[in-house]
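Listed below, chain by chain, are the residues.
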Amino acid sequence: MYKELEKFKSSNSFTFTVNDSLEEVCNAPEGSAGIFVVYEIDGDSKELIMVGSTGTVQNDGTLKTKNGGLYDKIVNGHQFAKTGRKYSWPAQMKLENISVLEVVWYETFNADVKAIPTAVEGQVLQNFLNENAKLPRWNVAF
């Protein structure tokens, strides 16, 4: 785990296989803001393959979230095509022969902590870039 994520106490994870319904297994809260990291699990190895975030901090310090928050971003956010992850992730997993994903989410902006979701996402991606000289393979750009 990245050290910059340790301070976020509102956090959880779930696993996802091609046979699962992302809508059913996703335990991220609705109406929340933060980041999620996606790992490919292969036996005992775990590889970070994607980092995403949701939520925008306004100039008055308030948070603007889309209605579904982290849950909606994970389940219905577009990736690989103009379609939600609930459809595109299983298809991509089949293409790459991935059997299990682990998704870990962190609420970065709430009553207890005020970290801008995209800033935290950027820090995690920067650290990954520093260590690997590239972004995680499911992150197209940042």
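These numbers were taken from a predicted model, which means no experiment stands behind them.

Criteria and cut-off values
Residues numbered from 1 in each chain as written. Predicted model: local features only at pLDDT ≥ 70, side-chain atom pairs only at ≥ 80, totals over all residues. Heavy atoms only, no water. Phe/Tyr/Trp six-rings, centres within 6.5 Å; stacked < 30°, edge-to-face > 60°. Helix = DSSP H or I, 4+ residues; strand = E, 2+ residues; numbered from the N terminus. Buried < 20%, exposed > 50% of the residue type's maximum accessible area, 1.4 Å probe, protein only. Lys NZ or Arg CZ within 6 Å of the ring centre and 35° of its normal. 1 Å grid on protein atoms, 1.4 Å probe; cavity = no way out; pocket = protein on both sides within 12 Å on 5 of 7 lines; lining within 4 Å. Points joined across faces, edges and corners; volume = space filled by probe spheres on them. Nonpolar A, V, L, I, M, F, W, Y, C, P; charged D, E, K, R; others polar. Salt bridge = Lys/Arg side-chain N within 4 Å of Asp/Glu carboxyl O. Core = buried A, V, L, I, M, F, W, Y, C linked by side-chain atoms within 4.5 Å. Contact = heavy atoms within 4.5 Å.

Notes on the packing of aromatic side chains
Within this structure, the stated rule accounts for 3 aromatic pairs. Arranged with centres 6.3 Å apart and planes meeting at 55°, the rings of F16 and W89 form a pair that is tilted. Here F16 is found in strand β1 (residues 11-16), whereas its partner W89 is found in helix α3 (residues 85-96), with 73 residues between them in sequence. Ring plane angle 85° and centroid distance 5.0 Å describe the contact between F80 and W138, whose orientation is recorded as edge-to-face. With a gap of 58 residues between them, F80 in the loop between α2 (69-76) and α3 and W138 in the segment after α4 (117-132) connect regions that are remote in the sequence. Residue classification places W138 among the buried residues on the basis of a relative accessible area of 3%. Each member of the aromatic cluster is reached from another via a ring pair, and the members are F16, F80, W89 and W138. Across the ring face of Y39, the terminal group of K46 is positioned such that the distance to the ring centre comes to 4.6 Å. The lysine or arginine in question, K114, covers the ring of F109, its NZ or CZ lying 5.1 Å from the ring centre.

Re the layout of surface pockets
Of the voids in this model, the largest pocket is the one considered here, and its volume is about 190 Å³. Considering the residues around the largest pocket, the lining is formed by S53, T54, G55, T56, K64, T65, K66, G69, D72, K73, N76 and G77. At the level of secondary structure, the elements contributing two or more residues to the lining of the largest pocket comprise β3 (45-54) and α2. Of the residues forming the lining of the largest pocket, the biggest block, 4 residues, is contributed by α2. For the lining of the largest pocket, the residue count by class is no nonpolar, 8 polar and 4 charged. Approximately 150 Å³ is the volume attributed to the second largest pocket.

Here's the deal with the pattern of salt bridges
This model, assessed by the stated rule, comprises 5 salt bridges. Between K46 and E102 there is a salt bridge, with the nearest N and O atoms lying 2.8 Å from each other. Here K46 is found in strand β3, whereas its partner E102 is found in strand β6 (residues 100-107), with 56 residues between them in sequence. E102 gets classed as buried once you look at its relative accessible area, which sits at 16%. The salt bridge partner of R137 is E96, with a shortest N-O separation of 2.8 Å. Linking R137 in the segment after α4 with E96 in helix α3, this pair joins segments that are 41 residues apart in sequence. By relative accessible area, which is 37% here, R137 ends up partly exposed. The class of E96 is partly exposed, set by a relative accessible area of 27%. Each of the salt bridges in this network shares a partner with another, and the network as a whole consists of E40, E47, E96 and R137.

Concerning the nonpolar core
Membership of the largest hydrophobic core comes to 20 residues, with the highest contact counts inside it found for F14, F36, V38, I74, W89, L101 and W138. Among the secondary structure elements, those contributing two or more residues to this core are β1, β2 (34-42), β3, α2, α3 and β6. Top element by residues in this core is α2. It accounts for 4 residues. Once residues within four sequence positions are removed from consideration, F36 is found in contact with M50, V51, G52, S53, L70, K73, I74, R85, V103, V104 and W105. One finds L5, Y106, V124 and L125 within the second-largest nonpolar core, a separate group that totals 16 residues.

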